[in-house]
Amino acid sequence: MIIKLRNDELRPKLFAAEMGLLIGIFGLCVVMIILIKTSLFSEKIGFAVGSVYVNGTTSVAYIDEDFVCATLDWWPPQKCDYGTCSWGDSSLLNLDLNNKILFNAIKAFSPLKLRLGGTLQNKVMYQTQGDQEPCSQFTISTSEFLGYTQGCLPMSRWDELNIFFRKSGAKVIFGLNALSHRNTNMDGSVIGPWNSTNAEALMKYTIEKGFTIHGWELGNELSGFNAIGASIKADQYASDTISLQNLVQKMYKNFVVKPIVLGPGGFFDGNWFTEYVSKSNNSLQVLTQHIYNLGPGVDTHLVKKILNPWYLDGGSQSFKDVQNILKESGSQTVAWVGEAGGAYNSGRNRVSNAFVFSFWYLDQMGMASLYDTKTYCRQTLIGGNYGLLNTATFMPNPDYYSALLWHRLMGRRVLSASFNGIKKIRSYAHCAKHSRDGLTLLLINLDGSIKAEIGVLIENVTIIMASTPHLKPTQETKSSRNPEGELFRREEYHLTAKNGKLNSNTVLLNGKELSVNSTTGVIPSLDPIQVKLGSPIMVAPFSIVFVHIPNIHVPACR
């Protein structure tokens, strides 16, 4: 059915139309509308109807192909918070690199960016050839800076890590010790410039061994008013970053592609970040901020915060502020989230490692993308109560599958999407991954009692008049044909908690439990259901839905 409409005629026609696929033509502009039988903006108890509007004319941001990133930390097993010790053997120094689940979990992304660092990176020395001193490990000492003695990275362990990363398909960002051979005043302010001697020795060894490092990051949480343990003024940090860039240029002078330089790996402070970017003289390629906007892991109100759309909205401010700083600076520096665990001090068991945390995590990635954040690094891949993998068993937590679906479905071009309906539906849209045609929607239902029936309006889109041979017709989709007789479907991925329990560590995809065989370590396939293109999207209470709409030309995605 083809209906010619003017812009002011569109909404009345929507209310009157039967369920189906309509195309309104406005000159050269085409709008695809997935309709529902009832009013697009009605609501009743237990059931709501709404619509997502997607602007297909132009994209609003452009993220990295490998946007999803995770971290590995230095914390030893003795690291405890609020009486709970949640790190086990997840440190870079003792993580079991022979574990099949770990290997396959990283390999499934191909590639997965891994940021190696954390609080204790500023207390790590790197063993060098000819060292006579033993390579000591971290031990608790209340009299020491940060509460631990100095640690050491053995060359043999660095070899093992890099061989593992190469085989598993990881892209490594290594966090360097910014406090090496530096002293601090009584107030925690750091004295003098960065001493790069030990970092240079590590780079030299890394290059000689043929190990590939995607980026070198200077320091961890030493910036601004929320610096941890010690602080460096912005002008000095900029000078140190220039020194790091000069070192990279010197050490990698014979390389066509050189590692990128990142910093400061700290919490957002507008004045500090502004001065740091302006004085880095384009030596800084990536500006990294850390995010723990839910508060401490001991907070008993974390779930309430996660389910509060107004609270989630507030998380966009630092993304917006960082982008404004970069735009005003006129530099080529881009923004990353270098570490984000939501709840600091190792997260909270049964919250940051449970299904409910995917609401916060995916919403964060959606908002970060809208503000041109190129990469988002989750704290952690494994370790603490906020790992994508269980610290003890290596089994994927729900957020692992959320991250993997994002990686496979959400493309680089970010589209503007707005939802008309209940406030507790969150919506995001990207061009489809690895395709010039189609787009992917991400819908998040924070309401535990309302099932939503959602229509989709996509501005300036044309339908490809061809069947999709890679999809086999099912009983559900055989009759889903447009007026010309071609077969059209979309793919949906519905994520829900096992037994509807938000604190569950088990997630269902389209009603089927996702699990990993501990012997083989094989990550399960993430298969969609196929739905008639013209039917509304049904979003269950407390659920997440990825919707891939193929076979459409979207100008913003070309």
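Cut-offs applied
Residues numbered from 1 in each chain as written. Predicted model: local features only at pLDDT ≥ 70, side-chain atom pairs only at ≥ 80, totals over all residues. Heavy atoms only, no water. Phe/Tyr/Trp six-rings, centres within 6.5 Å; stacked < 30°, edge-to-face > 60°. Helix = DSSP H or I, 4+ residues; strand = E, 2+ residues; numbered from the N terminus. Buried < 20%, exposed > 50% of the residue type's maximum accessible area, 1.4 Å probe, protein only. Lys NZ or Arg CZ within 6 Å of the ring centre and 35° of its normal. Arc of directions from axis to C-beta. Contact = heavy atoms within 4.5 Å. Polar contact = N/O pair within 3.5 Å; in protein donor to acceptor, adjacent residues only side chain to side chain. Pairing = 2+ DSSP bridges. Right-handed = clockwise from strand over helix to strand, strands pointing away. Axes fitted to C-alpha atoms, helices over the stretch in contact; angles between N-to-C directions. Parallel < 35°, antiparallel > 145°, perpendicular 65-115°, else oblique. Left-handed = near helix turned anticlockwise from the far one by under 90°. Disulfide = S-S within 2.5 Å. Nonpolar A, V, L, I, M, F, W, Y, C, P; charged D, E, K, R; others polar.

(A) Just the packing of aromatic side chains, in detail. In total, this model carries 23 aromatic pairs according to the counting rule given. Between the aromatic rings of Tyr237 and Trp272, the centroid separation amounts to 5.4 Å while the plane-to-plane angle is 80°, which identifies the pairing as edge-to-face. You can see Tyr237 sitting in helix α5 (residues 234-251) and its partner Trp272 sitting in helix α6 (residues 270-279), a full 35 residues away along the chain. On the basis of relative accessible area, Trp272 is assigned to the buried category, the value being 9%. Relative to Tyr276, the ring of Trp272 lies with its centre 5.0 Å away and its plane at 35°, an arrangement referred to as tilted. With Trp272 and Tyr276 both in helix α6, this residue pair falls four residues apart, about one helical turn. With respect to burial, Trp272 and Tyr276 carry one shared label: buried. Taking NZ or CZ as reference, Lys79 lies 4.2 Å from the ring centre of Trp75, over its face. Over the ring of Tyr361 we find Arg378, and its NZ or CZ is 4.7 Å from the ring centre.

(B) View of helix α2 (residues 100-107). Where α2 is concerned, the buried positions are Ile101, Leu102, Ala105 and Ile106. All buried residues of α2 project into a common sector of 130° when viewed along the axis, lining one side. Packing partners of the buried residues in α2 comprise β8 (112-116), α3 (155-168), β11 (170-176) and α11 (398-409). One side-chain oxygen of the residue at the start of α2 lies 2.9 Å from the amide nitrogen of Ile101, identifying that residue as Asn99.

(C) Structural view of the environment of Gln323. Its place among the elements puts Gln323 in helix α9 (residues 317-329). Note on Gln323: relative accessible area 10%, which makes it buried. C-alpha separation for the pair Gln323 and Asp372, spaced 49 residues apart in sequence, amounts to 7.3 Å.

(D) The pairing of strand β14 (residues 215-218), seen in detail. Burial along β14 is two-sided: the face carrying Gly215 and Glu217 and the face carrying Trp216 and Leu218 are both buried. Relative to β14, β11 runs parallel, the two sharing four bridges. Counterpart to Gly175 in the pairing with β14 is Glu217. Of the pairings in the sheet, the one linking β14 to strand β15 (residues 260-267) comprises three bridges and is parallel in character. If you follow Glu217 over to β15, its bridge partner there is Leu262. Read as a crossover between parallel neighbours, the route from β14 over α5 to β15 is right-handed.

(E) Summary view of the packing of helix α4 (residues 197-208) against α5. Following both chains from N to C, one finds α4 and α5 inclined at 30°, their axes separated by 11 Å at the closest point. Compared by their axis directions, α4 and α5 come out roughly parallel. Of the two possible hands of crossing, α4 and α5 adopt the one that is right-handed. Residues Glu200, Met203, Lys204 and Ile207 of α4 form the contact with α5, whose participating residues are Leu244, Leu247, Val248, Lys250 and Met251.

(F) Representation of the state of the cysteines within the structure. The final tally for this structure, using the stated rule, is four disulfides. Between the sulfur atoms of Cys80 and its disulfide mate Cys85 the distance is 1.8 Å. Because the torsion about its S-S bond is 90°, the bridge between Cys80 and Cys85 counts as right-handed. Owing to a relative accessible area of 36%, Cys80 belongs among the partly exposed residues under this scheme. For Cys85, a relative accessible area of 47% corresponds to the partly exposed category. Between the sulfur atoms of Cys431 and its disulfide partner Cys557 the distance amounts to 1.9 Å. Across the disulfide from Cys431 to Cys557, rotation about the S-S bond amounts to roughly -90°, and the bridge is consequently left-handed. Residue Cys431 is found in strand β22 (residues 425-432), and its partner Cys557 is found in the segment after β32 (552-553); the two are separated by 126 residues along the sequence. By the burial criterion, Cys431 is buried, and Cys557 matches it.

(G) Summary view of the sheet that holds strand β20 (residues 373-378). Taken in spatial order, the eight strands close into a barrel running β7-β8-β11-β14-β15-β16-β18-β20, and their pairing is parallel. Neighbour-to-neighbour, the strand axes of this sheet turn through a mean angle of 30°, independent of strand direction. Alignment of strand β16 (residues 286-291) against strand β18 (residues 334-340), held across six bridges, turns out to be parallel. Following the sheet pairing, Gln289 is matched in β18 by Val337.

(H) The arrangement of the packing of α5 against α6 in detail. Across the interface, α5 lies against α6 with an axial gap of 8 Å and an inter-helix angle of 35°. Where α5 crosses over α6, the handedness of that crossing is right-handed. Together, Ala234, Asp235, Tyr237, Ala238, Thr241 and Ile242 of α5 and Trp272, Glu275, Tyr276 and Lys279 of α6 make up the contact between the two elements. Here the contact of α5 with α6 is composed, by residue class, of six nonpolar, one polar and three charged.

(I) Geometry of the environment of Met538. Its location among the elements puts Met538 in strand β30 (residues 537-539). Separated by 44 residues in the primary sequence, Met538 and His494 place their C-alpha atoms 9.4 Å from one another. Apart from residues no more than four positions distant in its own chain, Met538 is found in contact with Phe47, Lys451, Ala452, Glu453, His494 and Val545.

(J) Examining the pairing of strand β26 (residues 489-497) more closely. The element β26 is largely enclosed, with a buried count of eight among its nine residues. Here β26 pairs with strand β29 (residues 529-532) via four bridges, running antiparallel. Bridge pairing in β29 places Glu492 opposite Ile529. Across five bridges, β26 lies against strand β31 (residues 543-549) in antiparallel orientation. Note on β31: the bridge partner recorded for Tyr493 is Phe546. As paired elements, β26 and strand β27 (residues 507-509) share three bridges and run antiparallel to each other. Paired with Ala497 across the bridge in β27 is Val507.

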